[in-house]
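Structure assessment
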Amino acid sequence: MYKIVKRDQIADNIFEFWINAPHVTKTGRAGQFVVLRIDENGERIPLTISATKGDDVRIVFMATGKTTQQLAAMQVGESIRDVAGPLGKPSDVKKWGRCAVIGGGVGIACLPILARELREAGNDVTGIIGARNEGLLLLEDELRDACDELVICTDDGSKGHHGYPADVLKEMVSDQILDAVWIIGPAIMMKITSLATFDSGIKTFVSLNPIMVDGTGMCGSCRVTIAGEMKFACVDGPEFDAHEVDWDELMNRQRTYTGQEKESLEHYHEHKCHCGDHQ
Amino acid sequence: MNRRPVEERLQDFDEVATGLSEQNAVLEALRCMECPRPLCVNGCPVSIDIPGFINAIANEDFRKAAHIIKQDNMLPAICGRVCPQEAQCQSTCILGKKDKPVRIGALERFVADWERENGVETPETAPATGKRIAVVGSGPAGITAATECLRAGHEVTIFESLHAAGGVLTYGIPAFRMPKDIVQFEIDQVLALGAELKLNHIVGRSVPVDELLAYDAVFIGTGAGLPYFMGIKGERFSGVYTANEFLTRVNLMHANKFPEFDTPLIRGSRVAVVGGGNVAMDSARVARRLGAKVYLIYRRREEDLPAREEEVANAIQEGVEFVCCANPTRILGGPQVQGIKCIRMEMCECDESGRPVPRACTEAGSTFTLDVDVVIEAIGQGPNPLLAGLIPDLKRGKRGTIEVDEDGRTSIPHVFAGGDIATGAATVIWAMGSAKKAAAAINKMLAEN
Ligand SMILES: Cc1cc2nc3c(=O)[nH]c(=O)nc-3n(C[C@H](O)[C@H](O)[C@H](O)COP(=O)(O)OP(=O)(O)OC[C@H]3O[C@@H](n4cnc5c(N)ncnc54)[C@H](O)[C@@H]3O)c2cc1C
Ligand SMILES: Cc1cc2nc3c(=O)[nH]c(=O)nc-3n(C[C@H](O)[C@H](O)[C@H](O)COP(=O)(O)OP(=O)(O)OC[C@H]3O[C@@H](n4cnc5c(N)ncnc54)[C@H](O)[C@@H]3O)c2cc1C
Ligand code: FES
């Protein structure tokens, strides 16, 4: 059992949880994730390590489906049945020179830990974050602190640059001021944003989020195609070279259970505990 | 073995084989000829004193029978159910020449079940030595090594990356063949001896390698969990599963009870399972229980199927349609599975293992298509690469196994390995046997220094 030590809602429908999990924080680094299961009936879902402090790990998630909504309803002091990790390979942190770390939506949560590690390795780091509107932006202050520079974009112009992180990235590419780029967000955002560095050959990493079960390389659910070869995102990744990813395949596989995910959520809302003890 | 009727068992995941009554067990035991030079013992990978325990059953001393088996086999309730007896002890039974061999597997299971129901003797343990041992993996190999080391008085911590212990016994072999309360019972036994079990701990990540190597001794039993793929077109479609994924979703995550349990699964109305081993039979029979029409595509002949004889018979009874001498060439559809294209295979000269080598037929009309919406690949698994690849200086074998000597010693003096990670995908009895040897070597090493 892993106790929730702190919880906050930090943006529209986005939550930050600190969970006591010393086995994760001991070696957990940027780029890695945990797999958690709330209770005996739960699904195993992967969530990125967004920060660690002492024995506590932070996860940040959007309450989209059954599991994340159930998680969002949990309170400080309650426990999560299983938290396994750290899983996956750490980000390729070394001295690259000038780096950009780009986050879309809840993917922004993965950036602070990465920016800090990159800076500690002697890099100059620009953060670029984007969301549909101001209400969906998160961790701004923390990122301003972790990066040398922070650029904010909103699709509707409610804050910062009116447009997408891809626009900002394109400018930086044409100014030739970049050595490595990380893009983390929804698959479609990563696909489109990474086009900006395609011709320049700038090393561009993305963090892939296929559907996982064990997260330890045992089932093959998370298989993705990288440069024509099959890889398991949970052990070979989750970060890969953006320009080698078969995006359409990833997005197709992500939709495998759309119908059942809806059913699961409906079932949850029908059978949710109404005792009033949990919110 | 007595089995529940097909119509009934297709409705649930309860055990198919019902086991022997006391009376029938004694009658079966009385059939044993008590050969002076028993060939059955040679057929057993861990050389159980088979005539000895059968004689005890014949004398209705079941506790003695259990005691005899447990000298060589720590997990009789499990092995009695899943060992390929027809290829081991029962294949050499003298009675088999004219009549049916003694049902050694059924008797082993009977004794183990009897003992479980009537109270298991707690094994004696030596006084505490203060030595610390790390066991990686909680499959049959890990459970066995842990038990043996605990009995020698050492402190044992078992690390398991999943949220439940048992390895393949828990996530792979379905409950209708390997009831989960029996697996749990074996795990509880190890815990009762004082083992500490740390679930959700991926050794190499949650437990860094230097921390692992700081133990007085290490036993690695991480298994062969890496699923292989055929490498044909269409494997990325939704609805293509490895057997590991399909079985894990059902056995470990209970996707058969969705939405009461959260994990989803595409059940399929027509399912193709590719392969001919135990893993393929299990997948096919699970798919049948989920209501699908099931084809099992195997590249050799029916008589070459490597699965346990009993499970092949069960699969046939349960309506699995065998498509032998055929091999898939491509999965049709996109992004969902719509069919599987196969080619007929002809059998050529035999290889070293005595099985014919299948070769694709070349004449026109040798291909055919099956209309399916789910494909399950059960074509084999390789050694789990994660931990082995993270330990520097650990010598690896050809296909990614960890290299060990007869006693399970690896290239690092205080690190031992056993089970599927050392042998490549094998069987429960081999995993148990090799772990027992390695544990004996660990205990000897620790006693000496
Ligand atoms: C390596 C990795 C890191 C991730 N990190 C984060 C994170 O930090 N924050 C965050 O909000 N989300 C993250 N995700 C996505 C997160 O796992 C899914 O949002 C979550 O599983 C949704 O579960 P649900 O039951 O709430 O929603 P559902 O209704 O079940 O699904 C919503 C969507 O989530 C995806 N999904 C569902 N089940 C899984 C699963 N078992 N594995 C992966 N994806 C699934 C599907 O594509 C689906 O369309 C990550 C995914 C991966 C693979
Ligand atoms: C579907 C199926 C059916 C089978 N049927 C039969 C049968 O009928 N008869 C028979 O004899 N054999 C059968 N087998 C084979 C048999 O189950 C295996 O040979 C046996 O389980 C091997 O035992 P093991 O302990 O070496 O590995 P496993 O049982 O694979 O256990 C290894 C454990 O280690 C854990 N692990 C891996 N890496 C790490 C890590 N880094 N840190 C922590 N934990 C880790 C895994 O999660 C797993 O729980 C079957 C196998 C399958 C898959
Ligand atoms: S999630 Fe099972 S292999 Fe990656």
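Residues numbered from 1 in each chain as written. Chains lettered and ligands numbered in written order. Predicted model: local features only at pLDDT ≥ 70, side-chain atom pairs only at ≥ 80, totals over all residues. Heavy atoms only, no water.

Residues and elements named next belong to chain A. Summarising the sheet, strand β15 (residues 223-226) and strand β16 (residues 229-232) pair through four bridges and their orientation is antiparallel. From the neighbouring strand, Ile 226 faces β16, where its bridge partner is Glu 229. In textbook terms, the turn of a hairpin is the stretch between consecutive antiparallel strands, and for β15 and β16 this stretch comprises two residues, one of which, Ala 227, has a positive phi near 50 degrees. (Pairing = 2+ DSSP bridges. Helix = DSSP H or I, 4+ residues; strand = E, 2+ residues; numbered from the N terminus.)

To continue, consider the domain arrangement of chain A. Buried accessible area, meaning the area lost when the parts come together, often serves as the stated size of an interface. All names here are of chain A. As assigned here, chain A comprises domain 1 (2-87) and domain 2 (98-254). Taking the mean C-alpha position of each, domain 1 and domain 2 sit 21 Å from one another. Across the boundary between the two partners, domain 1 contributes 21 residues, which contact 22 residues of domain 2. Among the residues of domain 1 in contact with domain 2, Ala 30, Phe 33 and Arg 44 are the three that bury the most area, contributing 25% of the side total. Counting across the domain 1 and domain 2 interface gives two salt bridges. We note a salt bridge from Glu 142 to Arg 58, for which the minimum N-O separation is 2.9 Å. At the junction of domain 1 with domain 2, the criterion picks out seven residue pairs in polar contact (both at pLDDT 80 or more). (Domains from an automatic or database assignment. Contact = heavy atoms within 4.5 Å. Buried area = accessible area lost by both parts, 1.4 Å probe. Salt bridge = Lys/Arg side-chain N within 4 Å of Asp/Glu carboxyl O. Polar contact = N/O pair within 3.5 Å; in protein donor to acceptor, adjacent residues only side chain to side chain.)

The next subject is the environment of B:Arg300. Residue and element names in this part refer to chain B. Structurally, Arg 300 can be placed in the loop between β8 (293-297) and α14 (309-317). Spatially, the C-alpha atoms of Arg 300 and Glu 186 are 37 Å apart, while their sequence positions differ by 114 residues. Setting aside anything within four residues of it in sequence, one finds Arg 300 in contact with Cys 324, Cys 325, Met 347, Asp 351, Arg 355, Pro 356 and Pro 358.

This paragraph deals with the UniProt feature "domain: Dihydroprymidine dehydrogenase" (unreviewed entry) in chain B. Residues annotated in UniProt with the feature "domain: Dihydroprymidine dehydrogenase" (unreviewed entry) correspond here to residues 10-119 of chain B. End C-alpha atoms of residues 10-119 of chain B are separated by 32 Å, and the span's content is 51% helix alongside 0% strand. (UniProt positions renumbered as here; feature names shortened; annotations may be inferred.)

Quick look at the UniProt feature "domain: FAD-binding FR-type" (unreviewed entry) in chain A now. As recorded in UniProt, the feature "domain: FAD-binding FR-type" (unreviewed entry) lies at residues 1-93 of chain A. End C-alpha to end C-alpha, residues 1-93 of chain A measures 32 Å, and it is 12% helix and 47% strand.

The predicted model of chain B has a mean per-residue pLDDT of 94, with 100% of residues at 70 or higher. On the interface metric, ipTM, the complex scores 0.94, and its pTM is 0.95. (pLDDT = per-residue confidence, 0-100.)

Turning to the interface of chain B and chain A, a few remarks are in order. Across the boundary between the two partners, chain B contributes 40 residues, which contact 48 residues of chain A. Roughly 3700 Å² of surface becomes buried between chain B and chain A when both sides are summed, with 54% attributable to carbon and sulfur atoms. Joining chain B to chain A, the criterion identifies three salt bridges. Here chain B is connected to chain A by 21 residue pairs in polar contact (both at pLDDT 80 or more). Taken together, the elements giving at least two residues each to the side of chain B that touches chain A come down to β5 (226-227), β6 (240-242) and α12 (243-252) of chain B. Sorting elements by how many residues they give to the side of chain B that touches chain A places α12(B) first, with four residues.

A few words on the UniProt feature "domain: FAD/NAD(P)-binding" (unreviewed entry) in chain B. Per the UniProt entry, the sites bearing "domain: FAD/NAD(P)-binding" (unreviewed entry) are residues 132-433 of chain B in this numbering. Taken end to end, residues 132-433 of chain B is 27% helix and 25% strand, and its two terminal C-alpha atoms sit 22 Å from one another.

So, on to the pattern of salt bridges. Applying the stated criterion across every chain yields a total of 50 salt bridges over all chains. The partner of A:Arg144 in a salt bridge is A:Glu140, and the shortest N-O contact between them spans 3.1 Å. Here A:Glu140 and A:Arg144 lie together in helix α4 (residues 140-146), a separation of four residues that amounts to about one turn. Here A:Arg144 falls in the partly exposed class, since its relative accessible area comes to 44%. Here A:Glu140 falls in the buried class, since its relative accessible area comes to 16%. Here B:Lys444 makes a salt bridge to B:Glu448, at a shortest N to O gap of 3.8 Å. Here B:Glu448 and B:Lys444 lie together in helix α17 (residues 428-448), a separation of four residues that amounts to about one turn. Each of the two residues, B:Lys444 as well as B:Glu448, counts as exposed. Taken together, the shared-partner salt bridges in this structure form one network comprising B:Arg9, B:Arg177, B:Asp282, B:Arg285, B:Arg289, B:Arg308, B:Glu310, B:Glu311 and B:Glu318. (Buried < 20%, exposed > 50% of the residue type's maximum accessible area, 1.4 Å probe, protein only.)

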